[in-house]
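In case you want the letters, here they are:
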Amino acid sequence: MTEAASPLPSSRLGGTEVRKISKVDIGLKRRYAAERRFRLYGLLAVTIAICFLAALFSSIVAKGYTAFQQTRISMIVDFNPAVIAPDGDRSPAAIMGGNAFRFDDLIAASLQKTLEIDPNDEDALYDGLDLLSKGSAPMLRSMIAKDPSLIGTKRNVDFYATGDVDSFIKGSIRADIPESQRLIKDKHIVLIEKLEKEGALRLAFNTGLFTNGASTRPEMAGVGVALVGSLYMMMVVLVLSLPLGVAGSIYLEEFAPKNRWTDLIEVNINNLAAVPSIVYGLLGLAVFINFAHLPRSASLVGGLVLTLTTLPTIIIATRAALKAVPPSIREAGLGVGASKMQTVFHHVLPLAMPGVLTGTIIGLAHALGETAPLLMIGMKAFVVEYPTTPFDPSTALPTQIYMWATEPERAFTERTSAAIIVLLAFLLAMNSLAIILRRAFERRW
Amino acid sequence: MGPLWLLALIAGLSFFGFVLGRWKSVVLSGKGRGTLAARPGYYGAYVLIWTAMPALLILVALSIAKPFLVDHTVRANLPEQVLSNASQLSLEISGVQQVAAGLKLATPEELENIRIGVVAARSVFARHGLPLGADVKPYQLIAAGALNLVSDGLDTAVDAAVVAALAFGLIFAFVRVKPRLRARNLVENTVLALLIAASSVAILTTVGIVLSLLFQALQFFSMVSPANFYLGTVWDPRFAAAGSTESGQFGFLPLFWGTLYISFFAMVVAVPVGLFSAVYMAEYATSRVRSIAKPLIEILAGIPTIVYGFFALTTVGPLIRDYIAMPLGLGTSGNNVLTAGLVMGIMIIPYVSSLSDDIITAVPRSLRDGSLALGATRSETMRQVILPAALPGVVGAVLLAVSRAIGETMIVVLAAGVAARASLNPFEEMTTITVKIVNQLTGDLEFTSPQTLVAFALGITLFVITLGLNVLALTIVRKYREQYE
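Just so it is clear, the model here is predicted, and its values are computed rather than measured. (Residues numbered from 1 in each chain as written. Chains lettered and ligands numbered in written order. Predicted model: local features only at pLDDT ≥ 70, side-chain atom pairs only at ≥ 80, totals over all residues.)

Draft legend 1. Fine view of the overall build of chain B. Assigned secondary structure in chain B consists of 19 helices and two strands. Its C-alpha atoms give chain B a radius of gyration of 32 Å, clearly above 23 Å, the size a compact globule of 485 residues would have. Going through the 485 residues of chain B one by one, you find that 43% of them count as buried. (Helix = DSSP H or I, 4+ residues; strand = E, 2+ residues; numbered from the N terminus. Rg over C-alpha atoms; globule rule 2.2 N^0.38 Å. Buried ≥ 20, exposed ≤ 12 C-beta atoms within 10 Å, placed from the backbone.)

Draft legend 2. Structural view of the overall build of chain A. When helices and strands are tallied, chain A shows 19 helices and three strands. Expected size for 445 residues packed as a compact globule is a radius of gyration near 22 Å; at 32 Å, chain A overshoots this value by more than 25%. Within chain A, residue pairs in contact and separated by at least 24 positions form 76% of the contacts whose partners lie at least 6 positions apart. (Contact = placed C-beta atoms within 7 Å.)

Draft legend 3. Main features of the sheet that holds strand β1 (residues 69-78) of chain A. Residue and element names in this part refer to chain A. The antiparallel open sheet is built from three strands, whose spatial order is β2-β1-β3. Only two strands of the sheet have a single partner each, and these edge strands are β2 (154-160) and β3 (201-205). When the angles between neighbouring strand axes are averaged without regard to direction, this sheet yields 45°. Where β1 and β3 come together, five bridges link them in antiparallel fashion. The residue of β3 that forms the bridge with I73 is L201. (Pairing = 2+ DSSP bridges. Axes fitted to C-alpha atoms, helices over the stretch in contact; angles between N-to-C directions.)

Draft legend 4. Main features of the environment of T434 of chain B. Within the secondary structure, T434 of chain B is located in helix α18 (residues 433-440). Along the backbone, T434 of chain B and L462 of chain B are 28 residues apart, and their C-alpha atoms lie at a distance of 8.1 Å.

Draft legend 5. Layout of the nonpolar core. Residues and elements named next belong to chain B. V343, V352, A401 and I411 are the most contacted members of the largest nonpolar core, which has 214 residues in total. The element that contributes the greatest number of residues to this core is helix α11 (residues 253-284), accounting for 17 residues. The residues contacting I411, other than those within four sequence positions of it, are T305, Y308, G309, A312, A340, V343, M344 and M347. In terms of nonpolar packing, the next biggest core, distinct from the first, is built from 26 residues, A38, V162, V177 and V187 among them. (Core = buried A, V, L, I, M, F, W, Y, C linked by C-beta atoms within 7 Å.)

Draft legend 6. Layout of the interface of chain B and chain A. Facing the 69 residues of chain B at the interface are 64 residues of chain A. Partitioning the side of chain B that touches chain A into residue classes produces 44 nonpolar, 22 polar and three charged. (Nonpolar A, V, L, I, M, F, W, Y, C, P; charged D, E, K, R; others polar.)

Draft legend 7. Here's a closer look at the environment of A415 of chain B. All names here are of chain B. With respect to the helices, strands and loops of the structure, A415 is situated in helix α17 (residues 410-415). As a C-alpha pair, A415 and F264 span 151 residues in sequence and 16 Å in three-dimensional space. With residues up to four places along the chain from it excluded, the contact list for A415 reads G309, A312, L313, G317, N335, T339, A340 and V343.

Draft legend 8. View of the confidence of the model for chain A. Scored by pLDDT, chain A has a mean of 85; 94% of the residues are at 70 or more. Scored below 50 in pLDDT, residues 1-8 of chain A shows five contacts in the model against residues more than four places distant or in partner chains. (pLDDT = per-residue confidence, 0-100.)

Draft legend 9. Region of interest: the environment of I144 of chain A. Residue and element names in this part refer to chain A. Turning to its location among the elements, I144 is positioned in helix α7 (residues 136-146). Separated by 280 residues in sequence, I144 and L424 have C-alpha atoms that sit 37 Å apart. Those residues in contact with I144 that sit more than four places away from it in its chain are F79, I84, I95, L150 and I151.

Draft legend 10. Molecular detail of the confidence of the model for chain B. All names here are of chain B. When pLDDT is averaged along chain B, the result is 86; 95% of the residues meet or exceed 70. In the model of chain B, helix α3 (residues 80-84) stands out as the element of lowest mean pLDDT, 73, in contrast to α11, which has the highest, 93. If you check the scores for this complex, the pTM reads 0.85 and the ipTM reads 0.86.

Draft legend 11. Structural detail: the packing of α11 of chain B against helix α16 (residues 378-407) of chain B. Residue and element names in this part refer to chain B. Contact geometry of α11 with α16 gives a least axis separation of 10 Å together with a crossing angle of 140°. As α11 runs across α16, the sense of the crossing is right-handed. Side by side, α11 and α16 meet where T259, S263, A266, M267, A270, V271, L275, V279 and E283 of the first sit next to R378, M382, V394, V398, A401, V402, A405 and I406 of the second. When grouped by side-chain class, the residues that make up the contact of α11 with α16 number 13 nonpolar, two polar and two charged. (Left-handed = near helix turned anticlockwise from the far one by under 90°.)

Draft legend 12. Representation of the pairing of β1 of chain A in the model. Of the strand pairs in this sheet, β1 of chain A and β2 of chain A are connected by seven bridges, and their pairing is antiparallel. From the neighbouring strand, V77 of chain A faces β2 of chain A, where its bridge partner is R155 of chain A.

Draft legend 13. Just the domain arrangement of chain B, in detail. Here the domain parsing of chain B yields domain 1 (3-199) and domain 2 (249-483). Each of domain 1 of chain B and domain 2 of chain B has a C-alpha centre, and the two are 49 Å apart. (Domains from an automatic or database assignment.)

Draft legend 14. Layout of helix α2 (residues 40-77) of chain B. With 38 residues, α2 of chain B should cover 56 Å at 1.5 Å per step; its first-to-last C-alpha distance of 56 Å lies within 8% of that length. Along α2 of chain B, the sharpest kink reaches roughly 30°, centred on K66 of chain B and followed within four residues by the proline P67 of chain B. (Expected span 1.5 Å × (residues − 1). Bend = angle between axes of the 7 residues up to and from the residue.)

Draft legend 15. Seen up close, the domain arrangement of chain A. Residues and elements named next belong to chain A. In terms of domain boundaries, chain A breaks down into domain 1 (2-64), domain 2 (68-211) and domain 3 (224-441). Taken over C-alpha atoms, the centre of domain 2 sits 44 Å from the centre of domain 3. If you look at the interface, domain 2 gives nine residues, while domain 3 gives six residues. At the level of elements, α8 (163-169) and α10 (208-211) are the ones that each hand at least two residues to the side of domain 2 that touches domain 3. When its residues are assigned to classes, the side of domain 2 that touches domain 3 shows four nonpolar, four polar and one charged.

Draft legend 16. Inspection of unusual backbone geometry at higher detail. Of note, S297 of chain A is a non-glycine position whose phi angle comes to about 65°, a positive value. Within the secondary structure, S297 of chain A is located in the loop between α13 (277-291) and α14 (299-324).

Draft legend 17. Spatial organisation of the packing of helix α11 (residues 224-255) of chain A against α14 of chain A. Running from N to C, α11 of chain A and α14 of chain A point in directions that differ by 35°, and their axes come no closer than 6 Å. Seen from above, α11 of chain A lies across α14 of chain A with right-handed handedness.

Draft legend 18. Region of interest: α13 of chain A. All names here are of chain A. Compared with an ideal rise of 1.5 Å per residue, which puts 15 residues at 21 Å, α13 spans 20 Å between its outermost C-alpha atoms and is within 8% of the ideal. Where α13 bends most, the angle comes to about 25°, and this point is G284. α13 sits mainly inside the fold: 12 of its 15 residues count as buried. S277, I278, V279, Y280, G281, L282, L283, G284, L285, A286, F288 and I289 are the residues of α13 that are buried. Remark: H293 follows α13 within two positions and exhibits a positive phi of approximately 55°.

This is the structure we're talking about:
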């Protein structure tokens, strides 16, 4: 290739030879230029594809990495028994009941103390309360209900700042745009600066992102419930699709006679692998929900639908793994008197197992990211509570991402990206596991 | 007993049967009554199968039959004028089911009071934590009573049948365990039957898809004629208001146009990039470059489509709107055909490239070597020898990619928009078949209204289109492979 690129030293040759060679040479030049162009197109195509990948990842990481930290406002709260339990009843039921606003009063009191607000200045108090998440009072209430011994003490409590304050601290709401277009007003900025000076405002690791459920307030929203829902679904998929897939493939690969019926199954499996996933969602809706009356939004139904979508992948991988086991193994087994069934289950299947597991993990990873069929069976519910069984309404990681993606607030965009990072991390872990398994157990025959 | 208890009982007794059968075979052979015809474990499994199988079959069959029998009983006990009102029938039946659930909660004393009419059933149920929407009508009480009677009776029958089957199977198989019994044959035949059943799940899925979609779609086509659906140019389904007879317009063509237009842009991105990368990987790249670049490109196929959708919505869409559409004055929306097509194209690159790579490397080496030996450069060999030879396979790969683009959902749901219109301007919002399936099926579902059922008509159309493309593509690829084998 290198000598082709450099032109021939035609000038040193004399007379007729020059003309002859240069004729060929002109053609060669053109042809080699075309060759270089063609090669360049190829390189360009590969580069473009990799650039797309890089753009995708960097855009999501750039939008999402900030969500792993969250702005907290820590204040000393006076757990005043006269406010919390005016009638002296400190049972959790009494704390969860009664006038809900008394906890707002507690917060207001500690805010007034922290920001040194004049108790009669109501406007300043409300400006200060604007900074705190609207979920603060319920948070305080359940905190006290869980541990009634707090009553009567003074304790430092970390409150969530609102999503807008959080965005401001992280710099995604900038102070230099006109106040009228800004979600954080000048009066708030003054208060924020005051809090920062006192050390009450800080960025902490966002544990709520991993433990909380759905919420309309971005600062209180998390993927914890969705993760549990996805976990339940993956368990259902694993329990159903691994045995079904392996059993089906063993029959097709080892026992099935070559006839029309098995041909039909074969063509069928290849086509099922290419059916749009949303069609599986329609099937799930019509059969599992409308016909069998299974509960809507339950992770059991999600798992069933995802089992059907993953089954072709697992069958194709398992059959490839079984095919890779050399016939000599089978012949040896049969030769020493084992039945066909014994040969398959005692010798062929164990040897094919690494391949089967790799295929299963890749199938599961695919199922974990599947979204469209879950929307069909109603797994985009607003779920705050952790599901305790697969029959409870739940949501899944990808559907949680879908629901957040359509929220306009900057704080939600950040969380969506963070949820995507979590999802991609899971996928990466699963695929790496598959690769490690393959490397560790791969046998060349 | 609930089904879970029954299952636990079956599992426990089967295990017991296994131990018993194995033990008997060992003991008998130890007493010198002849050598065993199979290993002891098979005798255990023999008893296990005889214990579990009949009981499980009975349990499954009766559990499937129960809802139909109960439904039949309820209908038989409802008065004529209720039955004749077909549209309200399902509501009435669920009402009866609620009353039946309430009757189970009430104490015998309260039941007596309800029967003689001293207290209203509704207030009794409310006291037990079951608020009803309306007062209980007398015929509902009668039907609910019959329902409870039949359903309790069935439950008892199931329990009795399962226990009888368990006992019979266990004893029968245990008695038959003798050293000369060929236990392995039965065990292996049962396993084979299970394997066959597992392999036909794939067929069942296809049948399920076709039947469920077809059934609902036919219901839709009884309300909206297929001609109006497939040839309609206006998509305006209206809202499914309760009791409204207004059906709106369900024109398929604008959705189809949006789908095709977006897929076209996806192909414009994916085919050149995918094909050229495949060529580069197969022909020019050193093995080191290939070992890095190939997995990187394949990562694109492993990323969930919701991630692409979000990328399109938050990054690509605004970029195209601010830097291309707005300056040209062609559109003001971040949701547009170009965004969806571009991002979908990125997603499809690896499908095109890895399939084309396989196909290019499958072209016999002799063709390539022959061309190179004649003095052709590598690019000339590729363009004039290998690609023409691989063309059918590449076409198959592209068709598979098109089918994937048509069925893709999440990218278009987030990035293409919801307005059904047929226009040539790629900076406008358009919508696709899949988007409308999602739109029509979120929120309250009413399986009698065309607004919900249209999703199934769209679904079966989508299924037929993609299936046709897949079958065509697979046939082409298979023919092509045979050509060189």
